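A closer look at the structure
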Amino acid sequence: MNIAVDQDKCCGAGQCALLAPEVFDQGEDDGIVILLNPSPAERFRAAVREAADVCPASAITVDLRP
Amino acid sequence: MPGLRDHRGPPALTVPDDVVPDDVVIVGASAGGLAVAEALRRKGYQGGLTLLGAESHPPYDRPPLSKQVLSGVWARERAYLRQADELSALEADFLLGDPAVRLDVAAREVLTASGRLLRARAVVLATGLTPVRFQGQDGLAGVHTLRTMDDALGLREDLLDGGRLVVVGEGVLGAEVAATARGMGVDVTLVGLGDAVLADQLGDLVGGMLTRLHAERGVRLRLGVAVEGLSGSGGRVSGVRLASGELLPAETVVVAIGSRPATGWLHGSGLSVRDGVRCDSRCRAAPGVYAVGDLASWHHEKLDRRLRLENRTNAVEQARIVAANLLGEDRPYLPLPYFWTDQYDAKIQAHGFFPSGARVDVVEGDLEQNRFVALYHRDGKVTGVLGWNMAKAARLHRGRVADAIGD
Ligand SMILES: Cc1cc2nc3c(=O)[nH]c(=O)nc-3n(C[C@H](O)[C@H](O)[C@H](O)COP(=O)(O)OP(=O)(O)OC[C@H]3O[C@@H](n4cnc5c(N)ncnc54)[C@H](O)[C@@H]3O)c2cc1C
Ligand code: SF4
């Protein structure tokens, strides 16, 4: 699984960091997404998928191929 | 005709609601509607899928309209929600530029302006909001509301022509337009009924800070005053008339005095549409008919009250519940509301509820430094968390609101 984030689109909602804190973090002030791990382990798959789904800025793309 | 398929199988009326539909029509092809379609496919739904949209643009995101699209930092394509290949991978029929004009609830039939008749086992209503206008504004050039991509591009053109802008409405939309226009070097006056910018939404403390911020950035503020109407000459607006008789001269006017659920096309359908489409706790308006996004009012079981949210996160979160319930799950929708707004260099994140009269405590950061987290309390409970340039810390306090609503 490979993840990309578009920091320019991100609005700092933090839904991603809420759902998958092992994979996503946020900048302290602007809240902009920080990708901690672009190819996380399979056990994070559901959480990452959900984060990409609910991200209000569609800033997260996930390629599910291993 | 693309997207129009025969209705096979038993008559719709006899289809029980617990049968997974093999055909879904989604009316409104934007944040909420698209999210329902994607969630259905992700959950393995393989039946027919039609998205009907009034606008001819591919699905795009609205929050950037008052920010990056209006300022010109983004070209319009940047606000598109998906690339063309992602849309085609959905295997859905997109019927764009053809608004729905009627719904037959019992038959789940949608009639469009061009005369298409779409029938499905399930219909999802996702038509969003329509801005409130002043009487007579449509005949006047230079007067704008801001809801669509075309609205944003048209407003931008007028702002680039120079001249004075008067924004009517001190809510989120009016304040964002004022901020973005100031950033473009436009002469801006913000006029509104409230005594402070966003005070109705976020209370006096934050309202006061936002008001000062706009003043510092050179916006002329006329707050606590009523607007009577618009003046014009030769078919073009010339100013905004206050109830006191004063005229605020303007070459461009933005009317941001609120929006109403876009339910005009549902009149006569038998659905209750007094404040949005009235749904149960499962976001269901009638058997096989669901609503999502800004349009949908539903019963929040944990709060035990009816809610209708007008924010971006709600559209996708609610869409996931609607898709699940369409496929036979039985899930209540229990969100913790969240919205953000960007004005100048202030990035505000708001989780929860901000009732008027709430006690507001700053729990982190410092008002003086324009960097803080505030908790809103009412009846001894934390109802909301607001972050001002402290997005992450605000999010970390979000759990306290969730506790308070029993999440
Ligand atoms: C300028 C602006 C800035 C915003 N900024 C923020 C922000 O910073 N943060 C935030 O949280 N939220 C923000 N929002 C709100 C957010 O964009 C909405 O909550 C979200 O778009 C709701 O999605 P929706 O799908 O319910 O409705 P919409 O996005 O309005 O989509 C409804 C769609 O239905 C179509 N339609 C209408 N009538 C018909 C019909 N009869 N037949 C077929 N189609 C029809 C419309 O053309 C539209 O494409 C902003 C909104 C605007 C307008
Ligand atoms: S959920 Fe999306 S918008 Fe929010 S912080 Fe994460 S990437 Fe950014």
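Heads up: the structure comes first, above all this text.
Attention here is on the structure that accompanies the text. (Residues numbered from 1 in each chain as written. Chains lettered and ligands numbered in written order. Predicted model: local features only at pLDDT ≥ 70, side-chain atom pairs only at ≥ 80, totals over all residues. Heavy atoms only, no water.)

So, about the pattern of salt bridges. Going through the model one piece at a time under the given rule, you end up with 35 salt bridges over all chains. With a shortest N-O distance of 2.8 Å, R320(B) and D53(A) are connected by a salt bridge. Here D53(A) lies in helix α2 (residues 45-54) and R320(B) lies in helix α7 (residues 312-326), a pairing that spans two chains. Look at D53(A) and you get buried, because its relative accessible area is 14%. Across the pair E109(B) and R119(B) runs a salt bridge whose closest N-O atoms are separated by 2.5 Å. Here E109(B), found in strand β5 (residues 109-112), pairs with R119(B), found in strand β6 (residues 117-119); they are ten residues apart in sequence, far enough to count as distant. Connected through salt bridges with shared partners, the residues R49(A), E50(A), D53(A), E38(B), R42(B), R82(B) and R320(B) form a single ionic network. (Salt bridge = Lys/Arg side-chain N within 4 Å of Asp/Glu carboxyl O. Helix = DSSP H or I, 4+ residues; strand = E, 2+ residues; numbered from the N terminus. Buried < 20%, exposed > 50% of the residue type's maximum accessible area, 1.4 Å probe, protein only.)

Moving on, we get to the pairing of strand β7 (residues 122-125) of chain B. All names here are of chain B. Burial of the side chains of β7 extends over both faces: A122 and V124 are buried on one face and V123 and L125 on the other. Sheet topology places strand β1 (residues 23-27) next to β7; four bridges connect them, and they run parallel. In the sheet register, V24 faces β7, and the bridge partner there is A122. Here β7 pairs with strand β20 (residues 289-291) via three bridges, running parallel. Paired with L125 across the strands is A291, a residue of β20. (Pairing = 2+ DSSP bridges.)

Keep in mind these values describe shape, not function.
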